[in-house]
Amino acid sequence: MLTPATFAATELNALRERHLYRTLRETERLDPPYVLRQGKRLISFASNDYFGLSVHPEVIAAAQEALARYGAGAGASRLVEGNHPYYAALEARLRAIKGTEAACVFGSGYLVALGVIPALAAKGDLILFDRLCHACMIDGVELSQAGWKRFRHNDMAHLQALLAEERNKYRRCLILTETVFGMDGDIAPLDEMIALAKRYDAMTLTDDAHGLGFVLPNSEITLQTGTLSKGVGGYGGYVCGSAELIDFLVNKARSLLFSTALPPAVAAGAARALELLQTDASLAAKPLEMADYFAKMMGWEAPQTPIIPLIVGEDEKAVALGQQLEEAGFFVPVIRPPTVPKGTARLRLSFAAFHSKEQVETLAFFLRKLL
Ligand SMILES: *Cc1c(COP(=O)(O)O)cnc(C)c1O
């Protein structure tokens, strides 16, 4: 008999044998970039809080004010009682940044993908997506029940071949990609993708989770989605597009309709964070400067974004390298399958406005010794 306990234990053992077992390790964020990880103070190169906005005094003040006024939670979904006044201000900012008619805020970036993709495509439609797209997009595709094909990473010739072969067998077609790929730090060829979409009568959806501040928005994209949980420093997700499409999503996206609205304080904090990002050019430039400096110290080519992957290959080797760095006082996350393809386990270094040149130098010094 397969009891719940034996089934879980068997699965877990299989993961351990393949060096893919994961655990939650308590990590307290101290003054960034420091973290306290199981009692040890480390310099972290793990955060997606690229601009340090999660701890910006003005963001905290805006959130505190909203917290004092409206309390800890939204109380209901946005369609019911949860559509606090802060949402309008936040959406106005997103709209302005992305150059679109409308924007809609969801509970998280993950919920955006789960709600929006199935609203746009269903049985009889086709979804084409980059093979390195984030798990939430894959899950959105699965939920939609549309037909799908993956194109090779950033390979627009492959996308074109798939469109030529498949497009006319389906009703609607939707192309998905990320603007900046979170585990690789490279940028999608958006202009080419938009041109192909026009030619083959397809819609486009981009996930800008890691791209805000590093890739220019493009209002020719049908729907620009993203998260408020990374560079914006808070929590939540959004989708931007035409007034009609956003209106449609407000009516159809189940993860918006049937999930509680973000706490008002989170919305207020995010609006202030976006304002700071728009008005403080030096803040926006700093993460890439730090990544660039690190790449120079390593003798690597200049990065396109503040995400630099060090691809190791074998899972076990990547884990060992991560441990050695931890012993030297650094926290650099080890990324293994299924987050990345098999055989491409890596350290994922992310640089932020709060890193100092000295911290970047010491990391490069230790890493060069280990490689
Ligand atoms: C992190 C991430 C998400 C999820 O966003 P959350 O707001 O954390 O749920 C979605 N898409 C991509 C590409 C991401 O990197």
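From a predicted model like this one, the values you see are computed outputs, not experimental measurements.

### A few points about the nonpolar core
Line of reasoning, step 1. Ranked by internal contacts, the top residues of the largest apolar core, which has 56 residues, are Leu-90, Leu-94, Leu-159 and Leu-228.
Line of reasoning, step 2. Excluding its chain neighbours within four sequence positions, the residues that come into contact with Leu-228 are Leu-90, Leu-94, Val-105, Gly-233, Gly-234, Tyr-235, Gly-236, Gly-237, Tyr-238, Leu-262, Ala-270 and Leu-274.

### As for the sheet that holds strand E2 (residues 34-37)
Line of reasoning, step 1. Strand order in the open sheet made by the 4 strands is E1-E2-E3-E12, with mixed pairing throughout. Bordering the open sheet on either side are strand E1 (27-29) and strand E12 (330-331), each of which pairs with just one other strand.
Line of reasoning, step 2. The sheet contact formed by strand E3 (residues 40-44) and E12 spans 2 bridges and is parallel. By the bridge assignment for E12, Ile-43 is matched with Phe-330.
Line of reasoning, step 3. Sheet strands in contact with helix H12 (residues 315-327) are E2, E3 and E12, and its direction is about 110° off that of E3.

### Quick notes on the environment of Lys-286
Line of reasoning, step 1. Locating Lys-286 in the fold gives a position in helix H11 (residues 281-298).
Line of reasoning, step 2. You can call Lys-286 partly exposed: its relative accessible area is 26%.
Line of reasoning, step 3. For the pair formed by Lys-286 and Val-239, sequence separation is 47 residues and the distance between their alpha carbons is 26 Å.
Line of reasoning, step 4. Contact partners of Lys-286, with chain neighbours within four places excluded, come to Ala-353 and His-355.

### Quick notes on the packing of helix H4 (residues 109-120) against helix H8 (residues 243-252)
Line of reasoning, step 1. Packing of H4 against H8 brings their axes to within 10 Å, and their N-to-C directions diverge by 110°. Here H4 lies roughly perpendicular to H8, going by the angle between them. Taken together, the residues of H8 that come into contact with H4 (itself represented by Val-116, Ala-119 and Leu-120) are Leu-245, Phe-248, Leu-249 and Lys-252.

### Examining the site of the ligand
Line of reasoning, step 1. Residues in contact with the ligand amount to 13 residues; listed here are only the nearest, Gly-109, Asp-207, Thr-227, Ser-229 and Lys-230.
Line of reasoning, step 2. One nitrogen or oxygen atom from the main chain of Gly-109 is found 2.8 Å from an oxygen atom belonging to the ligand.
Line of reasoning, step 3. Taking His-210, its side chain carries an N or O atom lying 2.9 Å from an oxygen atom of the ligand.
Line of reasoning, step 4. Surface burial for the ligand is 88%, taken as the share of its 380 Å² of free accessible area covered by protein chains.
Line of reasoning, step 5. Grouping the constituent residues of the shell around the ligand by class yields 3 nonpolar, 7 polar and 3 charged.

### Here we look at empty space enclosed by the protein
Line of reasoning, step 1. Counted under the stated rule, the structure contains 1 cavity of 30 Å³ or more.
Line of reasoning, step 2. In this structure, the largest cavity encloses a volume near 60 Å³.
Line of reasoning, step 3. For the lining of the largest cavity, the secondary structure elements donating two or more residues are strand E4 (102-106) and helix H9 (254-257).
Line of reasoning, step 4. Here the lining of the largest cavity is built from residues that sort into 6 nonpolar, 4 polar and 1 charged.

Cut-off values and rules
- Residues numbered from 1 in each chain as written.
- Predicted model: local features only at pLDDT ≥ 70, side-chain atom pairs only at ≥ 80, totals over all residues.
- Heavy atoms only, no water.
- Core = buried A, V, L, I, M, F, W, Y, C linked by side-chain atoms within 4.5 Å.
- Buried < 20%, exposed > 50% of the residue type's maximum accessible area, 1.4 Å probe, protein only.
- Contact = heavy atoms within 4.5 Å.
- Pairing = 2+ DSSP bridges.
- Helix = DSSP H or I, 4+ residues; strand = E, 2+ residues; numbered from the N terminus.
- Axes fitted to C-alpha atoms, helices over the stretch in contact; angles between N-to-C directions.
- Parallel < 35°, antiparallel > 145°, perpendicular 65-115°, else oblique.
- Near = heavy atom within 4 Å.
- Polar contact = N/O pair within 3.5 Å; in protein donor to acceptor, adjacent residues only side chain to side chain.
- Areas by Shrake-Rupley, 256 points an atom, 1.4 Å probe, with all protein chains shown as cover.
- Nonpolar A, V, L, I, M, F, W, Y, C, P; charged D, E, K, R; others polar.
- 1 Å grid on protein atoms, 1.4 Å probe; cavity = no way out; pocket = protein on both sides within 12 Å on 5 of 7 lines; lining within 4 Å.
- Points joined across faces, edges and corners; volume = space filled by probe spheres on them.

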